[in-house]
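Each chain, written out:
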Protein chains: 4
Amino acid sequence: MTRVDTVSSDDTIHFGSDNQAGAHPDILDALIRANTGAVSGYGNDALTQRVEERINALFERECITFLVTTGTAANALALSALCPPWGGIYCHNGAHVINDENTAPEFFTAGARQIPISGAEGKPDIEDLNRAISSAQTHGIHNVKPAVISLTNATECGTVFTPNELACYGDLAKDHHMALHVDGARFSNALVSTGASPAALTWQSGVDVLTFGATKNGAIAAEMVIFFNTRFTEDFAYRRKRSGHLWSKHRFLAAQIDAFFHNDLWLKNARHANAMAARLARGLSTVKGVTLPWPVEANEIFAIMPATLIQQLRQRGFEFYDWPATENMVRLVTSFNTADDEIDHFIRSAHQLAGGQIQ
Amino acid sequence: MTRVDTVSSDDTIHFGSDNQAGAHPDILDALIRANTGAVSGYGNDALTQRVEERINALFERECITFLVTTGTAANALALSALCPPWGGIYCHNGAHVINDENTAPEFFTAGARQIPISGAEGKPDIEDLNRAISSAQTHGIHNVKPAVISLTNATECGTVFTPNELACYGDLAKDHHMALHVDGARFSNALVSTGASPAALTWQSGVDVLTFGATKNGAIAAEMVIFFNTRFTEDFAYRRKRSGHLWSKHRFLAAQIDAFFHNDLWLKNARHANAMAARLARGLSTVKGVTLPWPVEANEIFAIMPATLIQQLRQRGFEFYDWPATENMVRLVTSFNTADDEIDHFIRSAHQLAGGQIQ
Amino acid sequence: MTRVDTVSSDDTIHFGSDNQAGAHPDILDALIRANTGAVSGYGNDALTQRVEERINALFERECITFLVTTGTAANALALSALCPPWGGIYCHNGAHVINDENTAPEFFTAGARQIPISGAEGKPDIEDLNRAISSAQTHGIHNVKPAVISLTNATECGTVFTPNELACYGDLAKDHHMALHVDGARFSNALVSTGASPAALTWQSGVDVLTFGATKNGAIAAEMVIFFNTRFTEDFAYRRKRSGHLWSKHRFLAAQIDAFFHNDLWLKNARHANAMAARLARGLSTVKGVTLPWPVEANEIFAIMPATLIQQLRQRGFEFYDWPATENMVRLVTSFNTADDEIDHFIRSAHQLAGGQIQ
Amino acid sequence: MTRVDTVSSDDTIHFGSDNQAGAHPDILDALIRANTGAVSGYGNDALTQRVEERINALFERECITFLVTTGTAANALALSALCPPWGGIYCHNGAHVINDENTAPEFFTAGARQIPISGAEGKPDIEDLNRAISSAQTHGIHNVKPAVISLTNATECGTVFTPNELACYGDLAKDHHMALHVDGARFSNALVSTGASPAALTWQSGVDVLTFGATKNGAIAAEMVIFFNTRFTEDFAYRRKRSGHLWSKHRFLAAQIDAFFHNDLWLKNARHANAMAARLARGLSTVKGVTLPWPVEANEIFAIMPATLIQQLRQRGFEFYDWPATENMVRLVTSFNTADDEIDHFIRSAHQLAGGQIQ
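**Student:** Teacher, can you tell me more about the interface of chain B and chain A here?
**Tutor:** Think of interface size as the accessible area that goes away when the parts come together; that is how it is often given. On the side of chain A, 58 residues touch chain B, which itself brings 58 residues to the contact. Elements with a contribution of two residues or more to the side of chain B that touches chain A: helix 1 (25-34), helix 2 (46-59), strand 2 (64-68), helix 3 (71-82), helix 5 (104-108) and helix 9 (236-242) of chain B. Broken down by class, the residue content of the side of chain B that touches chain A amounts to 24 nonpolar, 28 polar and six charged.

Below, the structure is given as structure tokens:
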């Protein structure tokens, strides 16, 4: 059922989300190439096997990988494998899992609870986190059983975790016999931002499972759930099937991922999106009355602007979201196909509308 | 995670399932056409709107339609909208929902129960059905609350329900204040087989919700949940979201359905698949020792064959499934891109191997 | 909310269920004795500890025991510990878990499925059972994962399983890596009927968990979930708590069980109820037109009677249930406080109404 | 399974919880009186009917009442009737439902979410509450659908809501099309503290459903779920049954409630407990180094004390809990059978140990 009130006109310039971009042409080409002859369904095909091997090579170890279609499914399925129905999932209070996925984690875990932890720049304060976990543990069966720490990398504030930062959470998780999950809807952007290797940014820092998104970085609809810890994978295939997330024509899911990794498409796309964000941040920092609350380390820019400026920019056809954290804060997102022009057009408009430019 | 033991070689001729076929080229072309510029996500796009209008026109009434990716998701979501957690879903004991979707209906409904009813040719015996419903109702809160009758059209025996047959179940559902669901994973094949209109084969016969599959009839992964009764649609958007079945780049789901209906592609595909099945059935009926237990009315053929013949056909590279209903029964499925040659090659091989041909 | 339409008058003689009896005076006395001073809640009290030791002694081994209030809770909690959400629970098609507990097993397991198996005298046919399990296993993630065999002892047909019979199911469960559950709502009656020891009738025959009911045998509301296999008990305390089945004033639950075992009250009560059933069966077998379809081995009697006789007996103030298995079948249940007189009065009335007596 | 480490010796004086008290003798007597003859099970008895009528009279209107055994069950069942699986339940961050009932609300609602709101003296800040609700509503299907405001009266800080205060939350709930639930585990204590009528403290202030606890105020295990709004009660009987909370020998649950209301036992018990708490508060306020953070309005006293004093009081045999809100905060609870002596003994000991008394 469509609610068409927000359908935008052709002239709109979209900074609303990286999922408003279409798909990269290489991804579509891969679908066409995959469409030759009949093959077995449900992932029992050669292309799926190749993708799994690619992922093992990339992460420099044996992984257990499952492909699904949406980030919400990837996160909720991953969490359900880590957390019993009476468990607690500790995440930043601005995390996507707790703010933007309805009650998917609760649904897939059969009723586990997410506990929001505040903290600067999208990262849960580690002292508060430790306190919250310890407090629940003291209370035994009367409160949740702490089970998972879930981080988002890149964060919902447009910042990134380095391997060293991740390792602090990894150690904490280990101390409390909990698992560490990373929501990597923008993992590509975090990776190119930190310069770390996929291994360093995951299992070498204590991550047990990564949900690695391709959709926001050029795919049509393709996400990976990658387990580095086989303790959690028994029966995961049942979880995927019973939630309706096992594709029969699985090759078309695999083809997207295959193209995503081919010729470093994922890295090129992420570098471009990050570069566009940096360009936008540089420009915005020269607009009168605009402040950037957080460092721009990936492909999301958060800006506090005068209400009038926000309104006028929208009237000129720029689309972006209000962000609830603070009044007059907005979020702008760049993608693999954001053009220099679009950035520059936005900055020029902001300068004009703000009545001046900071030198 | 792939289990590659069943990956088949290039020479295999696949009668395993209609989901082993790839996608129709028109569907892929539609994706490419849809990939122009940025548009709003989550179904707030013009293409999604057009698809909804197409469906209204096709069914000659206002419908409420939701698109998802898999048949399991479509069925389980639809059932969850019709059935409370303490409800009973009555289906044929061979139905896909109870045999091939793991516990998806139980998961999505938060623990409702499916009650298997036997019956000839894939159709629940209406007397037995009535008795089972009445018996549960007599038992009040101690047993399930009968809530849904779920039929599959075309059935899991390759037969089809006519509008008149459907109406009997529709009346029964109404008498018991229950809803009528049709699993239409092969609705296209049923429709062209019966010659009925979409309206006649659904709401005019008492159907409250149809899950209408495009995947098995030429799409990549696209299924419609179509409600004819708005009583069940409140909050359905929440159900889809929390189960991870709302695509962000929704236009690519809509594009598949748009192409599916364009120029009657769906009807052409289904007619072809049905014709191939009829050709196969005619041929098989002339093979010594082979019997067809059920009329071939759509694109599935069930055959009881000597065990040796089954084995030898597989050795020659034909893929098809054993069917658990009876010993030495197999299922063969044709699709939109099954070729005459493949059928004829199969028949010729069967004749040779069976050592003769019935005139 | 009461539905008072079935509230019965004072003159009624109740053969409806053994839960229509009140509680044994010893049980009530025990509550009063337990009501001295303040003690810790939630099972951290000396009486609960004593009850656990009693149970260990009775079953001649270390057990892990949890107390709850209703049989439905006991069964559903036990099953949820044995069966994943995608699992299958195989039980007789007349079992209490599938006919009389609404969808409690589905609720507590987060959506597992019960598979009904037919069989004579309340016992699942072991060939059919094996076939159903094997068939599901062949189908992998597309069907349920067979997880539990659940038997009722005494059965819903008033018969009992001997240790040897149980062991056949135990072996089958082991072969398929499944667990064996026994619903022992009338375990006391089965035990005194077979003459077997508690150990022989449970873990020595392969039973992994027993739900052992005291309510139907003289308690107010008290049931034991007794695990013989510690593999299933991790986190069970969380399951009980989150389902609202952990009593704060737990001593009053323990006191009931303590009194139940004290001075062999449970055995005396069960022997009495069984003797009353035998007396009723002997009497009924001499009534013209009445047949007993199953041997009367515990405290339930099933009888097929002329419809007129059924109606007339009810008019005379006898309460009992129709049983859905066959037309004109009724069930009569005796309890720890059924009186000889009540039985004899029933038999005399039946003789009079049936117009004669078989010598 | 017992963890006996906290089993306390006979000399202990218990201020741990009002559920450490036993049952009032009148309640036990009522069980014995109810134990006469056989009656229909599952609530179809005259005593249950009488209890429902008592409740209607007490609340000066037609109510729909269900009896269950534990406060966790009562709360979770009530919330599940008010909140869809994708809904949000807004409560104080110190509420029992979110801190002391494991994940029961999530389990019974099939995965709804509780949103903790801070606020002084156990009452959610109404501005923050409004903001949180509005923010979720703005986010549509991506976040929870605000469905319930849940308050605890008396609160977890030992304070009480007056009818006027409740009405503010009631109005807010109405404005947002949400329901208002009150966890009344200590409703008796709140009622006698405010002096309001049952009607004024519930439906006349906008409360849709009250869980009214008898257990902490003298019963063995008996709680009422009382609906003032029939919109939520359809199928509630199914909810209770499938969660294993429908007693077969229901008269023994009804008998407890009947005695609870007979001769104003509930009011007398609550007045006594509150008086003991006031006496304890007065005494404690004269102990050096002790502060009471919140007004003592019901039967819970919170005190911040020197760590040494806490330890020494425990060594002298006083049992009470640490309270996690602040360091060195403890909670003491009085009950219907707390004796003057126990209070005075505690105060004297505190004076001695604290080395002085404030005049």
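**Student:** Even after reading the chapter, I still don't get the confidence of the model for chain A, so can you show me in this structure?
**Tutor:** Regions with low pLDDT carry predicted coordinates that are not meant to be interpreted in detail. Confidence along chain A averages 94 in pLDDT terms, with 96% of residues attaining 70 or more. Among the prediction metrics, the complex's ipTM stands at 0.95, with pTM recorded as 0.96.

**Student:** Can you help me understand the pairing of strand 3 (residues 87-92) of chain C in this one?
**Tutor:** Remark: a regular strand shows side chains that alternate across the two faces of the sheet. Residues and elements named next belong to chain C. Judged by how many residues are buried, strand 3 sits mostly within the fold: six of six residues are covered. In terms of strand pairing, strand 3 meets strand 5 (residues 145-152) through five bridges, oriented parallel. In the strand pairing of strand 5, Gly-88 is matched with Pro-146. Looking at chain direction, strand 3 and strand 4 (residues 113-117) are connected through five bridges and run parallel. By the bridge assignment for strand 4, Cys-91 is matched with Pro-116.

**Student:** Can you walk me through the relation of the copies chain B and chain A in this structure?
**Tutor:** In summary, the two copies of the chain are related to each other by a rotation about an axis coupled with a shift along it. Superposing chain B onto chain A requires a rotation of 180 degrees together with a translation of 0.0 Å along the rotation axis, leaving an RMSD of 0.0 Å. This pairing of chains is accounted for by a two-fold axis. It is Ser-243 of chain B whose C-alpha, among those of chain B, lies nearest the rotation axis, at 3.6 Å. The residues that chain B uses at the interface reappear at the interface of chain A in 100% of cases, marking a shared surface.

**Student:** Whenever I open this one, the environment of Thr-194 of chain B confuses me. Can you help?
**Tutor:** All names here are of chain B. Positionally, Thr-194 belongs in helix 8 (residues 187-194). The buried category is assigned to Thr-194, around which 21 C-beta atoms lie within 10 Å. Contacts of Thr-194, omitting those with residues within four sequence positions, involve Val-160, Thr-162 and Leu-201.

**Student:** How should I be thinking about the relation of the copies chain B and chain C in this particular structure?
**Tutor:** Mapping chain B onto chain C leaves a residual RMSD of 0.0 Å; the transformation is a rotation of 180 degrees accompanied by 0.0 Å of translation along its axis. Counting the interface residues of chain B, we find that 100% of their copies in chain C are interface residues as well, pointing to one common contact surface.

**Student:** Quick question: what am I supposed to make of the interface of chain B and chain C here?
**Tutor:** Every contact between the two is made by 17 residues of chain B and, on the other side, 17 residues of chain C. Its residues assigned to classes, the side of chain B that touches chain C shows seven nonpolar, seven polar and three charged.

**Student:** Please clarify how the sheet that holds strand 12 (residues 329-333) of chain B should be interpreted in this entry.
**Tutor:** Strand pairing in a sheet relies on backbone hydrogen bonds. The paired strands run either parallel or antiparallel. All names here are of chain B. Taken in spatial order, the three strands make up an open sheet running 9-12-11, and their pairing is antiparallel. Only two strands of the sheet have a single partner each, and these edge strands are strand 9 (300-304) and strand 11 (321-322). As paired strands, strand 11 and strand 12 are joined by two bridges and run antiparallel to one another. Bridge pairing links Asp-322 to Val-330 in strand 12. On top of the sheet, helix 11 (residues 265-284) reaches strand 9 and strand 12; it is set at about 15 degrees to strand 9, its chief contact.

**Student:** Please clarify how the environment of Ala-110 of chain D should be interpreted in this entry.
**Tutor:** You can see Ala-110 of chain D is positioned in the loop between helix 5 (104-108) and strand 4 (113-117). Note on Ala-110 of chain D: 24 C-beta atoms within 10 Å, which makes it buried. Along the primary structure Ala-110 of chain D and Pro-85 of chain D are separated by 25 residues, whereas in three dimensions their C-alpha atoms are 5.1 Å apart. Those residues in contact with Ala-110 of chain D that lie beyond four places of it in its chain are Pro-85 and Ala-110 of chain B together with Pro-85 of chain D.

**Student:** What am I meant to see in the domain arrangement of chain A here?
**Tutor:** All names here are of chain A. Assigned domains of chain A: these are domain 1 (4-22 + 266-354) and domain 2 (25-264). The gap between the C-alpha centroids of domain 1 and domain 2 is 27 Å. Of the residues lining the interface, 21 residues belong to domain 1; the matching set on domain 2 comes to 21 residues. At the level of secondary structure, the elements contributing two or more residues to the side of domain 1 that touches domain 2 comprise helix 11 (265-284) and strand 9 (300-304). Tallied by class, the residues present in the side of domain 1 that touches domain 2 amount to 12 nonpolar, four polar and five charged.

**Student:** So what exactly am I meant to see when it comes to the environment of Phe-236 of chain D here?
**Tutor:** Residues and elements named next belong to chain D. Inspection of the secondary structure puts Phe-236 in helix 9 (residues 236-242). Residue Phe-236 is classed as buried on the basis of its 20 C-beta neighbours within 10 Å. Along the backbone, Phe-236 and Phe-66 are 170 residues apart, and their C-alpha atoms lie at a distance of 8.7 Å. Excluding its chain neighbours within four sequence positions, the residues that come into contact with Phe-236 are Phe-66 and Ala-81.

Parameters and conventions
Residues numbered from 1 in each chain as written. Chains lettered and ligands numbered in written order. Predicted model: local features only at pLDDT ≥ 70, side-chain atom pairs only at ≥ 80, totals over all residues. Contact = placed C-beta atoms within 7 Å. Helix = DSSP H or I, 4+ residues; strand = E, 2+ residues; numbered from the N terminus. Nonpolar A, V, L, I, M, F, W, Y, C, P; charged D, E, K, R; others polar. pLDDT = per-residue confidence, 0-100. Buried ≥ 20, exposed ≤ 12 C-beta atoms within 10 Å, placed from the backbone. Pairing = 2+ DSSP bridges. Least-squares fit on C-alpha atoms with pLDDT ≥ 70 in both. Axes fitted to C-alpha atoms, helices over the stretch in contact; angles between N-to-C directions. Domains from an automatic or database assignment.

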